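A closer look at the structure
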Amino acid sequence: MALFSAVGRIASTLVAMVGTRLELAAVEFQEDARRLLGYLAWTLLAVFLAAGSTMLVALFVILLFWDTYRLQAVAGMAVLLAAGAGLIVMSVRSKLNAHTPLFADTLAELRKDVEYVRHTAATAHAGAIDE
């Protein structure tokens, strides 16, 4: 009878842990989704404003040097814009790599749960052998 009681307790504990972990995963997913949506909105606004500003600056520089160095002005603006785009891409990539992976907390808690269940099962098994 003690074995069935231990198995029942372990099963109810497992069900409770799975429910808690699923709630944690849902909360993590919701937080990450909101965070990413906010990043996307601000990024799109920044891209729109930067594109307009960049085009006006490039046009100004090209018109300023139109009579003397028009090709060099166009090439210089192209190189400058490409370098700026490269820096932005590197910055975004490093920020994305620095963030923790999705569901990292949930996976850590699940690993703890597995260890707890293994320990509890081993203890229950050792207690059953002693009896």
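The structure contained in this document is the topic of the report that follows. Fair warning: this is a prediction, and the values are worked out from it, not measured in the lab. (Residues numbered from 1 in each chain as written. Predicted model: local features only at pLDDT ≥ 70, side-chain atom pairs only at ≥ 80, totals over all residues. Heavy atoms only, no water.)

Observations concerning the overall build of the protein
Scanning the protein for helices and strands turns up three helices and zero strands. The globule rule puts the C-alpha radius of gyration for 131 residues at 14 Å, and the 29 Å found for the protein is more than 25% above it. Scored against the burial criterion, the 131 residues of the protein give a buried share of 10%. Distance between charge centres in the protein, computed from 10 positive and 11 negative side chains, equals 9 Å. (Helix = DSSP H or I, 4+ residues; strand = E, 2+ residues; numbered from the N terminus. Rg over C-alpha atoms; globule rule 2.2 N^0.38 Å. Buried < 20%, exposed > 50% of the residue type's maximum accessible area, 1.4 Å probe, protein only. Lys, Arg positive; Asp, Glu negative; His and termini not counted. Charge placed at Lys NZ, Arg CZ, Asp CG, Glu CD.)

Observations regarding the packing of helix α1 (residues 2-64) against helix α2 (residues 70-98)
Between α1 and α2, whose axes approach to 9 Å, the crossing angle comes to 155°. Between α1 and α2, the crossing angle belongs to the class labelled roughly antiparallel. Remark: the crossing between α1 and α2 carries right-handed chirality. Across the interface between the two elements, T54, V57, A58, V61 and I62 of α1 pack against A73, V74, M77 and L81 of α2. A breakdown of the residues in the contact of α1 with α2 according to their chemical character gives eight nonpolar, one polar and no charged. (Axes fitted to C-alpha atoms, helices over the stretch in contact; angles between N-to-C directions. Parallel < 35°, antiparallel > 145°, perpendicular 65-115°, else oblique. Left-handed = near helix turned anticlockwise from the far one by under 90°. Contact = heavy atoms within 4.5 Å. Nonpolar A, V, L, I, M, F, W, Y, C, P; charged D, E, K, R; others polar.)

Thoughts on the packing of aromatic side chains
For any pair of aromatic rings, geometry is given as the distance between the ring centres together with the angle between the planes. Enumeration over the complete set of coordinates arrives at zero aromatic pairs. Over the ring of W66 we find R70; its NZ or CZ atom is 4.8 Å from the centre of that ring. (Phe/Tyr/Trp six-rings, centres within 6.5 Å; stacked < 30°, edge-to-face > 60°. Lys NZ or Arg CZ within 6 Å of the ring centre and 35° of its normal.)

Concerning the environment of E31
Secondary-structure assignment places E31 in helix α1. For the pair E31 and A108, spaced 77 residues apart in the sequence, the C-alpha separation amounts to 17 Å.

Observations concerning the environment of W66
Turning to its location among the elements, W66 is positioned in the loop between α1 and α2. A relative accessible area of 41% means that W66 is categorised as partly exposed.

Note that all results are geometric; they support no functional claim without further evidence.
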